[in-house]
Amino acid sequence: DYRRVTASELRRSLDVLAPPPGDLAGTRDRPTISGPSTGCPFLLDARKNPLFQGLDLDPERVQTKGCTFCLDNSGAYVVPKESDVVAAWLDGLRRVRDARPDAREVLLTDERPHPFLPAFFEAIAAKPHLAPVELLWKSRVDWLLEYSDDVERACTIAARTGSVLHLYLVGFESFDRAHLELFNKGHGPELNEAAIAKMRELQERFPASFEHRRQRAHGIVLFTPWTEPEALLENARWMRRLRFHELRAEAVKTRLRLYPRVPLHRLAERDGLLAERFEEGRGDRAAEQGYDASVPWRFRDRRTEAIYQLANALHETDRAITDADLIETATRFVLRWPGLAD
């Protein structure tokens, strides 16, 4: 059950001196390390977003802070000391080395690790037996730009030990301005574009110590209950121009995961877009992949369902077609033949 916490409660919960657990977090192929920070520091309140005015967003029952689809925001955040963060990461990395001396990829779960990355790789450089490490980390687009100097310094330091900063997940979510507002992202598509340019710049400047393309798993949510054909065309235009297929595979399959305690669930409930069950052949991917169970929903615009099905059928027919072309082709076809919505 969701329970709102305060910064003082989080602060009391921080204990980097506690002995680490005996087993490795994560999987055998990709162990996980975490710092002492808890939750997400993006605390923009959805209750101040005009799109959610008039909804029952009781912060004791709904996660009102941060992105409106996310389960990971407690509504408060405490920034720990750099020394504590680095100590926690190093403890985790030592456990990985003890259990898996040959492990290279290590997943970092912290939501905003950027300012601590230089000190971490400096510590690794001082302890060569811990290197090399390919650190998989994530970022919001605005944090990548805000802390780009820290990332660049970390890349320079990581190169000394053959280590890699692998930025495997950036939450772009959409290039449609209305959807970015719906998600409460706090920025427009122009910032997404700037972040992609920064990622490519870092790859060019630090080819041995920075990676961002291999997983092709960066965050995008093309289909939501409120998605209209025009929004899909807007996404397709941005995605084609920015060569987004280099960053994300199978974006055409992405549908919003709707959870009961997020603001978007309240909005879908108000708009009558919740469904009684998942359609045949389309189960709860969230539960299937080990996440909290999500809630079934339907499209407000029936044409969007036809577009979704057509685009994915085309994808199964020819995997070489880019997502941008799939989306635009399917959307323009359904707009030309709107009876397909039936």
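Details of the structure are given in the entry above.
**Quick look at the overall build of the chain**
Line of reasoning, step 1. Each helix and strand in the chain was counted, giving 12 helices and 7 strands.
Line of reasoning, step 2. In the chain, once contacts between residues fewer than 6 apart in sequence are set aside, the share between residues at least 24 apart is 80%.
Line of reasoning, step 3. Here the chain has roughly 16,000 Å² of accessible surface; of this, 50% comes from carbon and sulfur atoms.

**Focus: the side chain of Asn-192**
Line of reasoning, step 1. Mapped onto the fold, Asn-192 is located in helix α7 (residues 189-205).
Line of reasoning, step 2. Of note is the side chain of Asn-192, whose polar atom sits 2.7 Å from the backbone oxygen of Ser-174.
Line of reasoning, step 3. Filtering out sequence-adjacent residues up to four positions away, Asn-192 remains in contact with Val-141, Phe-172, Ser-174, Phe-175, Leu-180 and His-187.

**Here's the deal with unusual backbone geometry**
Line of reasoning, step 1. That bond from Ala-131 to Pro-132 is cis: its omega, -5°, falls within 30 degrees of zero.
Line of reasoning, step 2. Tracing the sequence through the fold places Pro-132 in the loop between α3 (117-126) and β4 (134-139).
Line of reasoning, step 3. The phi dihedral of Asn-184 is positive, around 60°, even though this residue is not glycine.
Line of reasoning, step 4. Considering the arrangement of structural elements, one finds Asn-184 in the loop between α6 (177-182) and α7.
Line of reasoning, step 5. Backbone geometry at Glu-250 places phi at a positive 55°, although glycine is not the residue there.
Line of reasoning, step 6. Among the secondary structure elements, Glu-250 is positioned in the loop between α8 (229-241) and α9 (263-270).
Line of reasoning, step 7. Since its relative accessible area comes to 30%, Glu-250 is described here as partly exposed.

**A short note on the packing of helix α5 (residues 148-159) against α7**
Line of reasoning, step 1. The interhelical angle for the contact between α5 and α7, taken along N-to-C directions, is 20°, at an axis separation of 11 Å. Relative to α7, α5 is oriented roughly parallel. The handedness of the crossing between α5 and α7 is right-handed. For the pair α5 and α7, contact is made by Ser-148, Val-151 and Glu-152 and by Lys-198, Glu-201, Leu-202 and Arg-205, respectively.

**Structural notes on the nonpolar core**
Line of reasoning, step 1. Within the largest apolar cluster, 84 residues are counted, with the highest numbers of intra-cluster contacts made by Phe-120, Phe-121, Trp-137, Leu-165, Phe-172, Phe-210 and Leu-264.
Line of reasoning, step 2. With 6 residues, helix α2 (residues 82-99) is the largest single contributor of residues to this core.
Line of reasoning, step 3. Beyond its immediate stretch of four places on either side in the chain, Phe-172 contacts Val-141, Leu-180, Asn-192, Ala-195, Ile-196, Met-199, His-218, Gly-219, Phe-244 and Leu-247.

**So, the environment of Leu-310**
Line of reasoning, step 1. Take Leu-310: it is sitting in helix α11 (residues 302-317).
Line of reasoning, step 2. Residue classification places Leu-310 among the partly exposed positions, given a relative accessible area of 24%.
Line of reasoning, step 3. C-alpha separation for the pair Leu-310 and Leu-340, spaced 30 residues apart in sequence, amounts to 9.7 Å.
Line of reasoning, step 4. Setting aside chain neighbours within four positions, we find Leu-310 in contact with Ala-330, Phe-333 and Val-334.

**Some words on the pairing of β4**
Line of reasoning, step 1. Of all 6 residues in β4, 6 are buried; the element is thus mostly enclosed.
Line of reasoning, step 2. Of the two faces of β4, both are covered, the one formed by Glu-134, Leu-136 and Lys-138 as well as the one formed by Leu-135, Trp-137 and Ser-139.
Line of reasoning, step 3. In this sheet, β4 lies alongside strand β3 (residues 105-108) in parallel orientation, the contact comprising 3 bridges. The residue of β4 that forms the bridge with Leu-107 is Leu-136.
Line of reasoning, step 4. Traced from β3 through α3 to β4, the parallel crossover comes out right-handed.
Line of reasoning, step 5. Where β4 meets strand β5 (residues 164-173), 6 bridges bridge the pair, whose relative direction is parallel. Paired with Trp-137 across the two strands is Leu-167, which belongs to β5.

**Notes on α3**
Line of reasoning, step 1. Of all the positions in α3, only Leu-117, Pro-118, Phe-120, Phe-121, Ala-123 and Ile-124 are classed as buried.
Line of reasoning, step 2. Looking at the packing, one finds that the buried side of α3 touches β2 (31-33), α2, β4, α5 and β5.

**A look at the state of the cysteines**
Line of reasoning, step 1. This model, assessed by the stated rule, comprises 0 disulfides.
Line of reasoning, step 2. Free of any disulfide, Cys-70 has its nearest cysteine sulfur in Cys-67, 6.1 Å distant.

**As for the packing of aromatic side chains**
Line of reasoning, step 1. Within the structure shown, the criterion is met by 11 aromatic pairs.
Line of reasoning, step 2. A centroid spacing of 5.2 Å and a plane angle of 90° characterise the contact between Phe-69 and Phe-183, whose relative ring orientation is edge-to-face. Of this pair, Phe-69 sits in the loop between β2 and α2 while Phe-183 sits in the loop between α6 and α7, and the two are 114 residues apart along the sequence. Both residues of the pair, Phe-69 and Phe-183, count as buried.
Line of reasoning, step 3. Ring plane angle 85° and centroid distance 5.2 Å describe the contact between Trp-89 and Phe-120, whose orientation is recorded as edge-to-face.

Rules used in this analysis
Residues numbered from 1 in each chain as written. Predicted model: local features only at pLDDT ≥ 70, side-chain atom pairs only at ≥ 80, totals over all residues. Heavy atoms only, no water. Helix = DSSP H or I, 4+ residues; strand = E, 2+ residues; numbered from the N terminus. Contact = heavy atoms within 4.5 Å. Areas by Shrake-Rupley, 256 points an atom, 1.4 Å probe, with all protein chains shown as cover. Polar contact = N/O pair within 3.5 Å; in protein donor to acceptor, adjacent residues only side chain to side chain. Buried < 20%, exposed > 50% of the residue type's maximum accessible area, 1.4 Å probe, protein only. Axes fitted to C-alpha atoms, helices over the stretch in contact; angles between N-to-C directions. Parallel < 35°, antiparallel > 145°, perpendicular 65-115°, else oblique. Left-handed = near helix turned anticlockwise from the far one by under 90°. Core = buried A, V, L, I, M, F, W, Y, C linked by side-chain atoms within 4.5 Å. Pairing = 2+ DSSP bridges. Right-handed = clockwise from strand over helix to strand, strands pointing away. Disulfide = S-S within 2.5 Å. Phe/Tyr/Trp six-rings, centres within 6.5 Å; stacked < 30°, edge-to-face > 60°.

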